[in-house]
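# Chain and residue survey
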2 protein chains.
Amino acid sequence: MKIVLDAMGGDFGPAPNVEAAVQVAREFGCEIALVGRQEQIRPLLVQHNTANLHLPIVHASEVIEMHDHPAQAVRAKKNSSMVVGMQMLARGDADAFVTMGHTGGALAAALLHLGRIQGIHRPCLSTAFPTVKGWVLLCDLGANVDCKPEWLVQFALMGSIYAERVMQIRSPRVGLISNGEEETKGTQAVQEAHALLKQAPLNFIGNVQGYDLPLGNADVFVTDGFTGNVIVKFAEGMKTMIEELLRAAFMTNLQTKVAGALAKNAIRQLMKQRLDYEEIGGAPLLGVDGVVIIGHGRSKARAIRSALIRAIETVERRVVDAIEDGLRNLPQNAAPVEHRG
Amino acid sequence: MKIVLDAMGGDFGPAPNVEAAVQVAREFGCEIALVGRQEQIRPLLVQHNTANLHLPIVHASEVIEMHDHPAQAVRAKKNSSMVVGMQMLARGDADAFVTMGHTGGALAAALLHLGRIQGIHRPCLSTAFPTVKGWVLLCDLGANVDCKPEWLVQFALMGSIYAERVMQIRSPRVGLISNGEEETKGTQAVQEAHALLKQAPLNFIGNVQGYDLPLGNADVFVTDGFTGNVIVKFAEGMKTMIEELLRAAFMTNLQTKVAGALAKNAIRQLMKQRLDYEEIGGAPLLGVDGVVIIGHGRSKARAIRSALIRAIETVERRVVDAIEDGLRNLPQNAAPVEHRG
């Protein structure tokens, strides 16, 4: 097993990437190639004990920055860590590519260099999402904004396979996000996707609504990338709002201040444990012809380690093959498809 | 001033409606007509001291139930409290109509009996939404699912007028919900709406993202009814999730249990005060040719009282007239419009 890690990706530069790579190489005995500026990576790597570990550095002089235009940057910065790493995967020099860098850049590089799995209309970006009942999968998060019904059906298929194989949820319940339970609710695209999903060989439980997500009333929540993106960012904002509200509540009077002092740590710890992306780290880009895991820009070593482990599991459990197989069993409208990868 | 209240609307039947009507009639000296089954309303009304108050009962034998199909029910149940009340408003026998009943039914009845303000493509349902900085306005909440760009522009105009006149926010900042700040982000409809909004005589601050809503980074948040509906319901679910999480945090050990006992009331009170729809009660249905306020089905007397007060303010501050005037100043694409009301 060989994973390529974009060592330049994320808000904290190469240090947490190198740290996570060393940990995972040691724990799992796999090879992790660190792609990026060798003059920055090498001094960090020598600070770790890397005896008997496979941690080659692959030099790439450029970095795709957050302000870069994804499609343009991927074409212009041919020697960026993102492009060089993705090309290694495309050539078969590696089994998976992991990055905490520019999400749009990763998507553009994957489309350009890997292409799509034959039969897939559009790849989708998924993430594990915290609920009262544990983690569920939400897709798409923004790779596709105006979605056709058959794309949504393919997201459902891919999400279901990932949830079953990597998150190890048996026969995952697939819900289609809409503005009402009835199949007559939703945009035109959602209503048509609903009709197709009823015929698909999936555990489709019908439309789900906004509140069903935090309550964990499905295992895979399918939506277009516009709605998915708004939801995920809204959840971030609401978390901040509730934290401020709690801070204010604990400042009400002497009694609540004492309570705050007593409970603050337990609350913080539980929030971190139950709501924090570091616990799960790394969203799979499903539908491209290879294993690509994209992590949050704010990832530190712990979250990067999670993303690397997700990559190993996604390779070992043959998610890409399973998607190829699954496509053959979809109702006709959802898998006509010439290869335009 | 004469308000018509759908006395049958809401999950708790006529009792809280009657109670709220008595309160508001006394506080504001206005007439409130109670529409519904007189055999249910009268025994409730006589329990209150109604001397010198104007609280006529208008008998209507039918009720639009939550499971009814809105458009069908509005046509079939001609003697429902919803239809009879809306017709009073349409005839000019009242200045506003307020209901805690079926939202879709209210929308259908308003379209059928009031029609739209001349020039308005589609009415939109708005609600006040709690943020760290106070209440903001979110529209649309589900009246329109697949939205054309010019509809979104009209929602922005109507929301801005309501925020300024009723919520008393000077020069309200209008944000268009999208999946990124840049004007190239969003669905096709959102991108086109962005271009139109830049030319509109509104305080348009550009695209806003999911996290901007709970953080209160605009005063009026404009989106299609699909996204708006998902957001509002997601917020409900997330509130439940956080409450469960807090309960769990307070159960961690003896110390946190003590903290819970000390702080629970302050937290509950602040949550209620800062996140609870009862504080604000009642969403205006903007764009129909009359003042219609629709409240939450779970409203008790306090929330119904808020909705009635919102109706009074919306009438007094001439929101319908202001929308008619505002339409004339919109960029051409947003206000071509023959009257199909």
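Above this text is the structure in question.
Here's what I pulled together on the structure shown here. Going along each chain's sequence as written, the residues are numbered from 1 onward. Key to labels: chains lettered from A, ligands numbered from 1, both in the order written. The model is predicted, so local features are restricted to residues of pLDDT at least 70 and side-chain atom pairs to those at 80 or more, both for listing and for counting; the totals for chains, interfaces and linings are taken over all residues.

Buried accessible area, meaning the area lost when the parts come together, often serves as the stated size of an interface. We call two residues in contact when the distance between their C-beta atoms, placed using the backbone, is within 7 Å. At the junction of the two partners, chain A supplies 52 residues and chain B supplies 52 residues. The helix and strand labels rest on DSSP assignments: H or I over at least four residues marks a helix, E over at least two residues marks a strand, and numbering proceeds from the N terminus. For the side of chain A that touches chain B, the secondary-structure elements that each account for two or more residues are helix H8 (225-250) and helix H9 (254-275) of chain A. The greatest single-element share of the side of chain A that touches chain B, amounting to 22 residues, is contributed by H8(A). Following the grouping adopted for this structure description, the nonpolar residues are Ala, Val, Leu, Ile, Met, Phe, Trp, Tyr, Cys and Pro, the charged ones are Asp, Glu, Lys and Arg, and the polar ones are all others, Gly among them. Among the residues forming the side of chain A that touches chain B, the class breakdown is 29 nonpolar, 17 polar and six charged.

Bringing the sheet that holds strand S9 (residues 220-222) of chain B into the picture now. All names here are of chain B. Ordered in space as S3-S2-S1-S4-S11-S10-S5-S6-S9-S7-S8, the 11 strands form an open sheet in which the pairing is mixed. Edge strands, defined here as strands with exactly one partner in the open sheet, are strand S3 (57-59) and strand S8 (203-208). Adjacent strand axes in the sheet meet at a mean angle of 25 degrees when their direction is disregarded. Across three bridges, strand S2 (residues 31-36) lies against S3 in parallel orientation. Among the inter-strand pairings, Gly36 is bridged to a residue of S3, identified as His59. When DSSP locates at least two bridges between a pair of strands, those strands are taken to pair. Fitted lines through C-alpha atoms serve as axes, helices being fitted only where they are in contact, and the angles separating the N-to-C directions of these axes extend from 0 to 180 degrees.

Moving on, we come to the relation of the copies chain A and chain B. The copies were overlaid with a least-squares fit restricted to C-alpha atoms from residues scoring a pLDDT of at least 70 in each copy. Laying chain A over chain B is done by rotating through 180 degrees and shifting 0.0 Å along the axis; what remains is an RMSD of 0.0 Å. Such a combination of rotation and displacement between the chain copies is what one expects of a two-fold axis. The rotation axis passes nearest to the C-alpha of Ala259(A) in chain A, at a distance of 2.0 Å. Of the interface residues in chain A, 100% have counterparts in chain B that sit at the interface too, so the contact is made through matching surfaces.

All names here are of chain A. In space, the 11 strands of this open sheet follow the order S3-S2-S1-S4-S11-S10-S5-S6-S9-S7-S8, with mixed pairing throughout. Two strands in the sheet have a free side with no partner beyond their single neighbour: strand S3 (57-59) and strand S8 (203-208). The mean angle between the axes of side-by-side strands here comes to 25 degrees, regardless of whether they run parallel or antiparallel. Where strand S4 (residues 96-99) lies against strand S11 (residues 291-294), four bridges are found, and the strand directions are parallel. Note on S11: the bridge partner recorded for Phe97 is Val292. Against the sheet, helix H5 (residues 103-114) makes contact with S4, strand S5 (124-131), strand S10 (283-286) and S11, and its axis sits at roughly 170 degrees relative to S11, the strand it touches most.

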